[in-house]
Amino acid sequence: MTPSGHAGEGEVRAFLESLTGPSRGYVNWLVDKALTVSVNDGRVLSLRPKDDLPPHDNDIATLKWADDGYTIAASAGRNVWVNGQKASSALLRHGDMIEFGEKGPMSRYRLCDHSFPAHHTVEDILSDAYAYTRTSRRPFAKKMSGALRDSGRRLASQTTILFRITVLATLLVIAGFGYLLYQNDRRLADSIEQESRKIEAVAIMLAQTREDALTPDDLASLREAFKNQVLSTEQRLGTLEQRAGAPTRVIAASTRSVAFLQGAYGLRHVESGKILRHVLGPNGENLKTPFGQPWIEPDGTGEPAEFQFTGTGFLIAGVPLMATNRHVALPWTSGNREKALSDAGLEPEMLRLLAYLPDQTEPIEARLVRFSEAADLAILAVEPSVQDLGIPLADATSRVGEELFLLGYPTGLKALIAQAGPGFLEELEAEGTLNFWSIASRLSTQSKIHPLASRGIVARTSESAIVYDAETTTGGSGGPALNRRGEVVAINAAILPEFGGSNIGVPVSHLRALLREVESQ
């Protein structure tokens, strides 16, 4: 606070509160009846008694007390604005805004009632900000930023401690709520993204399941083929053995050891540790999403969601073990399925894996023992009762041009139904059931599970693959490729339809290496 003259010489009549410039926040007390106002080059406002001569070059106005207020008069060649209006002389009223010179500073004039508060009220501070923005001649953006800056400064320094604490507490509460809302929004966004990924992953898994499942349209197509005596794809595969002229001895000796694999896996929600189950409706039915897919959730109350698959495997001579492809034993590892599941926070888990052998009416349970990281191979453990079965493994690899014979279950259940004949199809239609598990069980009970055979010629060999043209299709993966001595030379793994129906097999040397790993466990 700066006195305008000699302290104690007179009564304080009014004061100027600087709102802008380097003197902002300072108060100049008006005591003398006549005062000279000066503004130096640094825009600092100062006052002195009018009789304090000689005049200064920085003098800009004079203040004179008359009756109940000061009158301001601009010095010669200088400009003063009162409430935004240029004035050569004006009687000041309480609350007037005075701008000294072209570049300020700006001050508010207040009459003194001898009770000058130790702190300003919020109303006064906001009123000053409003008056400043209304009367200042600075560009709009600059005066708005100045008003906000000065109001914030004054609210933080010129109000009561209680008010500041209250404002700070309020800001902290608002910030806390804002943080909670942000966290909640982020969790919601993560949840939506995770749910989207889960739906995408489930859709990918269901795509494979639909390939192995039977539909009413499939039965209708088979019935029409039987009726018109037209060979369907499955029937054509059933006649491959006769067309190819494969040696009866090799086929007969190996058929009993080639298994039709049927399995299902579920998906476990990693975060909750719960397996995905069907969501049930009011009548206990499995509900579906608006997209027509099964509605499955970790907290579902129905049966675990099953993703079904089929394939081929074969018993290995001398041990209670079965060989197949890794992508059959772990069907979620093919393509982009594993990444889709990981991104969705899901973990696959085998629920059931059955092996149906020809001439056996009951399936045997199979369990994954080991799989190869380098080749598409896996070994399954089965019950010792089938140890007398099995196909021997060849010691040497195949040569280009060598004849081989492929056994397997291409197209899965569809081919087996086609081989079973129209009578079996009529039974299914009469029952009206297309259950994935019961159809295979019925086929096994009636001894109608037998692998299909085809013959081919080795086109190319390498350490990692054998290429041959024996006919097969989806579902034949994991079947044995045999030489003329009935020994396994490769395990069928992939189809190359773009190369005239050629197929790729994993050389038996990889299977021998995997068996050694199992024995060393």
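Residues numbered from 1 in each chain as written. Predicted model: local features only at pLDDT ≥ 70, side-chain atom pairs only at ≥ 80, totals over all residues. Heavy atoms only, no water.

Participant: Report on the sheet that holds strand β17 (residues 321-324), specifying residues and quantitative values.
Facilitator: Pairing in this open sheet of 7 strands is antiparallel, and the strands run β19-β18-β13-β16-β17-β21-β20 from one edge to the other. Pairing within the sheet leaves two strands with one partner each, and these edge strands are β19 (364-365) and β20 (367-371). Both strand β13 (residues 258-269) and strand β18 (residues 346-356) contribute to a ladder of 10 bridges, which runs antiparallel. Residue pairing across strands places Tyr265 opposite Met350, the latter belonging to β18. (Pairing = 2+ DSSP bridges. Helix = DSSP H or I, 4+ residues; strand = E, 2+ residues; numbered from the N terminus.)

Participant: Describe the nonpolar core, naming the residues involved and giving the relevant values.
Facilitator: Residues Phe260, Phe314, Leu413, Leu443, Val488 and Leu511 are the most contacted members of the largest nonpolar core, which totals 44 residues. Once residues within four sequence positions are removed from consideration, Phe260 is found in contact with Thr310, Gly311, Leu354, Ala355, Tyr356, Tyr409, Gly412, Leu413, Leu416, Ala440 and Ile449. Counting 28 residues, the second largest nonpolar core, distinct from the first, contains Leu267, Ala344, Leu346 and Ala366. (Core = buried A, V, L, I, M, F, W, Y, C linked by side-chain atoms within 4.5 Å. Buried < 20%, exposed > 50% of the residue type's maximum accessible area, 1.4 Å probe, protein only. Contact = heavy atoms within 4.5 Å.)

Participant: So what about the pattern of salt bridges? Which residues, and what values?
Facilitator: Within this structure, the stated rule accounts for 11 salt bridges. We note a salt bridge from Asp59 to Arg48, for which the minimum N-O separation is 2.9 Å. Here Arg48 lies in strand β5 (residues 45-49) and Asp59 lies in strand β6 (residues 59-66), a separation of 11 residues in the sequence. Of the two residues, Asp59 and Arg48, both sit in the buried class. Residues joined by salt bridges that share partners form a network here, namely Glu403, Arg455 and Arg484. (Salt bridge = Lys/Arg side-chain N within 4 Å of Asp/Glu carboxyl O.)

Participant: Give me the lowdown on the packing of aromatic side chains, citing residues and values where you can.
Facilitator: Applying the stated criterion to the full structure yields 8 aromatic pairs. For the pair Tyr265 and Phe307, a centre-to-centre distance of 5.6 Å together with 25° between the ring planes defines the contact as stacked. Here Phe307 lies in strand β16 (residues 307-315) and Tyr265 lies in strand β13, a separation of 42 residues in the sequence. Residue classification places Tyr265 among the buried residues on the basis of a relative accessible area of 2%. On the basis of relative accessibility, which here comes to 2%, the residue Phe307 falls in the buried class. (Phe/Tyr/Trp six-rings, centres within 6.5 Å; stacked < 30°, edge-to-face > 60°.)

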